[in-house]
Amino acid sequence: MDQCCVPIRPYAELCGEFIKEVLDHLNVNVFIYDEEPIIDQGSLKKYPAHCGGLYLFYLKKKGTEAWRPIYVGATKQDFRTKFRYHADKGVIASFWSDSGVQKDHELFAVCTHYEGASARYIKSLFLDAMNFYKNTLPGRPMSLEACYPYEWMLNNWAYCWNWECIEREQKIVRGIPAERCGELFAHVFDELNCNDFLFDKEPILNVDDIKKFPANLKGFYVFYLKTSPDSNIRFPITVGVTKRSFKARFEEQAQYGVLSKWWALNRSDMQVYAMCSHHSGPAGDLMKRFFLRTMNFPLREFGRQIRPFDFSTPLPLKAINIPYKRFLVKMKQM
């Protein structure tokens, strides 16, 4: 690094690692579209058309994985509609018209489950702390210098990033430990006619156990723990949505995700299981969004542990103060 410290309000395109860490801290699934650049109008069809909220546009130099965030926004419209606006006369259109940047870079987007006041608050934190290339009026040149490493920023940034506010926002959005809500999961899956017990007596002990999961289906899934195959008490630990097959996603999880994380703990008192739902696309996204907004999961979708596991007494359905009935109505209307 040429500088001995980070500027008070650094260019956001140099802070990709830090921003990525913040999004991960907020349990945002930052990888869901990370291999799918926005190259034309057809690329926008993959983004949710049933919800809006906090979002981020970033660039990646072709052939690399380093993020260069260029714009942060919050929308009351659904993401797909908002991104079509950006493609007409906003950030996306500006990128498409810049042949110099487009020659070496690709444009990507992150859609989060934070909406309303939460989305606006987190957006304001980013804008207060960093100078985003496309949020700046009038525009400034984009910096293509080397990005700041995350740990280096922590040690050299004079700005006091308010992690306590981030933590508080996270707690507002997600409260009850998910491990204690097994009955709610079972009730929701039963109401939605999910075949949630298909592999309920078959723990995932090693890579070979993944072969039984569908190689031709995709959608919403849950990893949960049980003390024995015959137990009806389930401790959910993470949820996810895959656009690849369940088998392919679980093979990834066995390499560097939830499965590898649990196996590394070498615990013999509990084993991990999975439920695969037929709900995919907008329905699968809505299911994931509901659970992430209402519960506090111990693991990120790709295995990072953010708090100790909570194996205290599971809550009965009537004691779980979550508006799941409205969610079920919305799901059945889709």
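Residues numbered from 1 in each chain as written. Predicted model: local features only at pLDDT ≥ 70, side-chain atom pairs only at ≥ 80, totals over all residues. Heavy atoms only, no water.

> Please explain the packing of aromatic side chains as it appears in this structure.
Geometrically, a pair of aromatic rings is defined through the distance of the ring centres and the angle of the planes. Throughout the structure, instances matching the rule amount to 33 aromatic pairs. Ring geometry for Tyr221 against Phe223: centres 5.5 Å apart, planes inclined by 70 degrees, an arrangement best described as edge-to-face. Judged by relative accessible area, Tyr221 falls into the buried class, the value being 0%. The class of Phe223 is buried, set by a relative accessible area of 0%. Between Phe290 and Phe291, the ring centres sit 5.2 Å apart and the planes meet at 65 degrees, which makes this aromatic pair edge-to-face. For the pair formed by Phe290 and Phe291, the shared burial category is buried. A connected cluster of aromatic rings, assembled from ring pairs, spans Tyr33, Tyr47, Tyr55, Phe57, Tyr71, Phe79 and Phe83. Over the aromatic face of Phe108 sits the side chain of Lys60, whose NZ or CZ is 4.6 Å from the ring centroid. Sitting above the plane of the Tyr273 ring, Lys226 keeps its charged end 4.9 Å from the centroid. (Phe/Tyr/Trp six-rings, centres within 6.5 Å; stacked < 30°, edge-to-face > 60°. Buried < 20%, exposed > 50% of the residue type's maximum accessible area, 1.4 Å probe, protein only. Lys NZ or Arg CZ within 6 Å of the ring centre and 35° of its normal.)

> Just checking my understanding: could you explain the sheet that holds strand S7 (residues 271-276) for this structure?
Pairing in this open sheet of 3 strands is antiparallel, and the strands run S6-S5-S7 from one edge to the other. Each having just a single partner strand, strand S6 (235-242) and S7 make up the two edges of the open sheet. Direction aside, the axes of adjacent strands within the sheet are offset by 20 degrees on average. Where strand S5 (residues 219-226) and S6 come together, 7 bridges link them in antiparallel fashion. Bridging from a neighbouring strand, Phe220 pairs with Val241 of S6. Against the sheet, helix H9 (residues 246-256) contacts S5, S6 and S7, and its axis sits at roughly 50 degrees relative to S5. (Pairing = 2+ DSSP bridges. Helix = DSSP H or I, 4+ residues; strand = E, 2+ residues; numbered from the N terminus. Axes fitted to C-alpha atoms, helices over the stretch in contact; angles between N-to-C directions. Contact = heavy atoms within 4.5 Å.)

> Explanation requested: the pattern of salt bridges in the structure shown.
Opposite charge on two side chains allows them to pair when their charged atoms are near. Using the criterion set out here, one finds 11 salt bridges in the structure. One salt bridge connects Asp269 with Arg267, and the closest N-O pair in it is separated by 2.6 Å. Overall, Arg267 belongs to the partly exposed group, its relative accessible area being 29%. Overlapping salt bridges bring together Asp200, Lys226 and Arg234 as one network. (Salt bridge = Lys/Arg side-chain N within 4 Å of Asp/Glu carboxyl O.)

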